[in-house]
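This is what each chain is made of:
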Amino acid sequence: MSLPKVLCFHLILMLSAFTGAANGYYNSRWAKCIFSSSDLSDMVFVDNYIFNKDVYIQFNSTVGEYVGYTAHGVYNADLWNKNPSQLQQERAEVDRYCKPNAEIYYSAILNKAVPPKVKLSSGTQAGGRHPAVLMCSAYDFYPKRIKVSWMRDGKVVTSDVTSTEELADGDWYYQIHSHLEYTPKSGEKISCAVDHAGLTKPIIIDWDPSLPESERNKIAIGASGLVLGIIIAAAGLIYYKKKSSGRILVPT
Ligand SMILES: *[C@@H]1O[C@H](CO)[C@@H](O)[C@H](O)[C@H]1NC(C)=O
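The following paragraphs examine the structure supplied in this document. (Residues numbered from 1 in each chain as written. Predicted model: local features only at pLDDT ≥ 70, side-chain atom pairs only at ≥ 80, totals over all residues. Heavy atoms only, no water.)

Quick notes on the overall build of the protein
The condition is simple: The helix count covers DSSP runs of H or I at least four residues long, the strand count covers runs of E at least two residues long, and both are numbered beginning at the N terminus. Each residue is assigned to one of three classes by its accessible area relative to the maximum for its type, calculated with a 1.4 Å probe on protein chains only: buried under 20%, partly exposed between the two thresholds, exposed over 50%. Every residue pair with non-hydrogen atoms within 4.5 Å of one another is taken to be in contact. Here the accessible surface of atoms and residues is derived via Shrake-Rupley with a 1.4 Å probe, and residues count as covered only by protein chains that are part of the display.
The secondary structure content of the protein amounts to four helices and 14 strands. Looking at the protein residue by residue over its 252 residues, the buried ones come to 29%. Nonlocal contacts in the protein, meaning residues at least 24 apart in sequence, comprise 51% of its contacts between residues at least 6 apart. On the protein, roughly 16600 Å² of surface is accessible, and the fraction owed to carbon and sulfur atoms is 59%.

What follows is the structure in structure tokens.
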């Protein structure tokens, strides 16, 4: 599976509100673990100290020490950076907090990917630039991240493609619908490709422009009726001709 997983989880360590005005002031501290590789090698720990919406001190494990962003922040960051045990504790958070929790997330959620069910159908057209539209739908997949793409004779098509968002079904599963507007050409091959974390390789469905079975049945029934009608009409005509010609042949 090729899609990268960009993840981040938060720990809100403290959220205190002390009201001096009607709306209050909010001092908060958010710790984030940010990573995108499943071996957790790119894990970054970021610890933010925030007053209202402004970060005034940040510890970023890539930087390795506190950085202040206001006069008060700079003053305190400086003090904290001079405290080896406090700094040591922050630097250890990647291994103590982030990685063990990320492993739990992987085993409990991320590795439980459910691949999509994919359906390709022709849709109805609401006055677009092209006479035909195809709809590629992916259902019941988890997690949300998915890639739906179109190919025309093996080449990726990006123009005249519209897609819904990944729509939450409300039961952890998602669905998505991608539309391709096109002008049919004979002999061309249109395909929809879906890639997802639950798949080892993308699902590719080729559009079969022949009519669906129910339509074929209707046409077959109609055609049989027509043939039957022609036979009966022909038989009637022959019968009538024979009778009338028999009469005409007898001169008076
Ligand atoms: C952490 O620091 C690195 C290196 O300066 C930077 O690339 C990265 O964007 C920082 N992360 C955050 C969340 O600020």
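Now that the structure is up, let's keep going.
A few points about the packing of aromatic side chains
Counted only if it meets this: A pair of aromatic rings is counted whenever rings of Phe, Tyr or Trp (Trp by its six-membered ring) have centres within 6.5 Å, and the orientation is called stacked for planes under 30 degrees apart, edge-to-face for over 60 and tilted otherwise.
For the structure shown, the criterion picks out nine aromatic pairs. An aromatic cluster is present here, built from Phe45, Tyr49, Tyr56, Phe59, Tyr66 and Trp80 joined pairwise through their rings.

Considerations on the site of the ligand
The line we're drawing: The near set for a molecule or strand comprises every residue that places at least one heavy atom within 4 Å of it. Here a polar contact is taken to be a pair of N or O atoms separated by no more than 3.5 Å, where protein atoms must pair a possible hydrogen donor with a possible acceptor and residues adjacent in sequence count only if both atoms sit in side chains. Asp, Glu, Lys and Arg are counted as charged, while Ala, Val, Leu, Ile, Met, Phe, Trp, Tyr, Cys and Pro are counted as nonpolar; the rest, among them Gly, fall into the polar class.
Taken together, the neighbourhood of the ligand is formed by Ile34, Val46, Gln58, Asn60, Thr62 and Val63. Taking Asn60, its side chain carries an N or O atom lying 2.3 Å from an oxygen atom of the ligand. Protein burial of the ligand: of its 360 Å² of free accessible surface, 41% is covered by the chains. Here the residues of the shell around the ligand sort into three nonpolar, three polar and no charged.

A word on the pattern of salt bridges
Rule in force here: By definition, a salt bridge exists where a carboxyl oxygen of Asp or Glu is found within 4 Å of a side-chain nitrogen of Lys or Arg.
Under the definition given, this model contains seven salt bridges. Note that Asp95 and Lys99 form a salt bridge whose closest N and O atoms lie 3.7 Å from each other. Taken together, the residues Asp95 and Lys99, both in helix H3 (residues 93-110) and four residues apart, mark about one turn of the helix. Its salt-bridge partner being Glu188, residue Arg152 comes within 2.7 Å of it at the nearest N-O pair. Here the residue Arg152 occupies a position in strand E8 (residues 146-152), and Glu188 occupies one in the loop between strand E12 (174-182) and strand E13 (190-196), the gap between them amounting to 36 residues. Arg152 gets classed as partly exposed once you look at its relative accessible area, which sits at 24%. Taking relative accessible area as the criterion, Glu188 reaches 17% and is therefore assigned buried.

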